[in-house]
Amino acid sequence: FTYRDVAYLRLKNASLGYSLPANVCKKIGMSKVRIYVAGMNLFTLSTVSKYGVDPENGGTVGYSYPQQRTMSLGLNITF
């Protein structure tokens, strides 16, 4: 058996949003306006990730696809 240290730190989900104040929304004829950005799998700190290995897979090479990184930008408007 071989021992491989696959300790890691991963930021899986993060989102940041801002809602416009009510007086600004009324001036533009809307009830609510919210702008947001969200991300999944933003970064991973690991000793094995530099080899293209996903540490959640146990550090094995070539047995799974890497985690997808996703970014979303959105706008919610209520009239």
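Please refer to the structure higher up on the page.
Each chain has its residues counted from 1, following the order in which its sequence is written. Local features in a predicted model are, by the rule used here, given only for residues with pLDDT of at least 70; side-chain atom pairs are given and counted only at 80 or more, and totals for whole chains, interfaces and linings are based on all residues. Think of the side-chain values as coming from all heavy atoms in the structure, minus any hydrogens and water.

## A look at the side chain of Asn 41
Part 1 of the reasoning: Counting from the N terminus, the helices are DSSP H or I runs at least four residues long and the strands are E runs at least two residues long. Secondary-structure assignment places Asn 41 in strand 2 (residues 32-46).
Part 2 of the reasoning: Exposure is judged per residue with a 1.4 Å probe applied to protein chains only, and the accessible area is read against the type maximum: over 50% gives exposed, under 20% gives buried, and values in between give partly exposed. Since its relative accessible area comes to 10%, Asn 41 is described here as buried.
Part 3 of the reasoning: Residues contacting Asn 41, with those up to four places away along its chain left out, are Arg 10, Leu 11, Lys 12, Gln 67, Gln 68 and Arg 69. Two residues qualify as a contact provided that any one of their heavy atoms is within 4.5 Å of a heavy atom in the partner residue.

## So, the environment of Arg 34
Part 1 of the reasoning: Considering the arrangement of structural elements, one finds Arg 34 in strand 2.
Part 2 of the reasoning: Along the primary structure Arg 34 and Leu 20 are separated by 14 residues, whereas in three dimensions their C-alpha atoms are 6.3 Å apart.
Part 3 of the reasoning: Aside from chain neighbours lying at most four places away, what touches Arg 34 is Gly 17, Tyr 18, Ser 19, Gly 74, Leu 75 and Asn 76.
Part 4 of the reasoning: A 3.5 Å cut-off defines polar contacts: any pair of N or O atoms within that distance qualifies, except that in protein one atom must be a possible hydrogen donor and the other a possible acceptor, and neighbouring residues in sequence count only when both atoms are side-chain atoms. Polar side-chain contacts of Arg 34 include one of 3.5 Å to the side chain of Ser 19.

## Details of a nonpolar patch on the surface
Part 1 of the reasoning: A surface patch of nonpolar side chains, amounting to about 880 Å² of accessible area, comprises Leu 16, Ile 35, Val 37, Met 71, Leu 73, Leu 75, Ile 77 and Phe 79.
Part 2 of the reasoning: Sorting the residues of the nonpolar patch by element identifies strand 2 and strand 3 (70-78) as the ones contributing at least two each.
Part 3 of the reasoning: In terms of residue count, strand 3 provides more of the nonpolar patch than any other element does, four residues in total.
Part 4 of the reasoning: Mapped onto the elements of the fold, Val 37 is located in strand 2. Residues qualify for a patch when their relative accessible area is over 30% and they have no salt bridge, like charges being joined within 9 Å and the nonpolar side chains of Val, Leu, Ile, Met, Phe, Trp and Tyr within 5 Å. Computed by Shrake-Rupley with a 1.4 Å probe, the accessible areas treat only the displayed protein chains as cover when residues are assessed. Within this document, salt bridges are pairs made up of a side-chain nitrogen of Lys or Arg and a carboxyl oxygen of Asp or Glu, the two lying within 4 Å of each other.

## Considering the sheet that holds strand 3
Part 1 of the reasoning: With antiparallel pairing, the three strands of this open sheet are ordered in space as 1-2-3. For this open sheet the edge positions go to strand 1 (8-19) and strand 3, each flanked by a neighbour on one side alone. Looking at each pair of strands side by side, their axes are set apart by 15 degrees on average, direction ignored.
Part 2 of the reasoning: Where strand 1 lies against strand 2, 11 bridges are found, and the strand directions are antiparallel. By the bridge assignment for strand 2, Ser 15 is matched with Ala 38. DSSP-based pairing: two strands are paired if at least 2 bridges between them are found. As a rule, the C-alpha atoms of each element are fitted with a line to give its axis, helices using only the stretch in contact, and angles between N-to-C directions run from 0 to 180 degrees.

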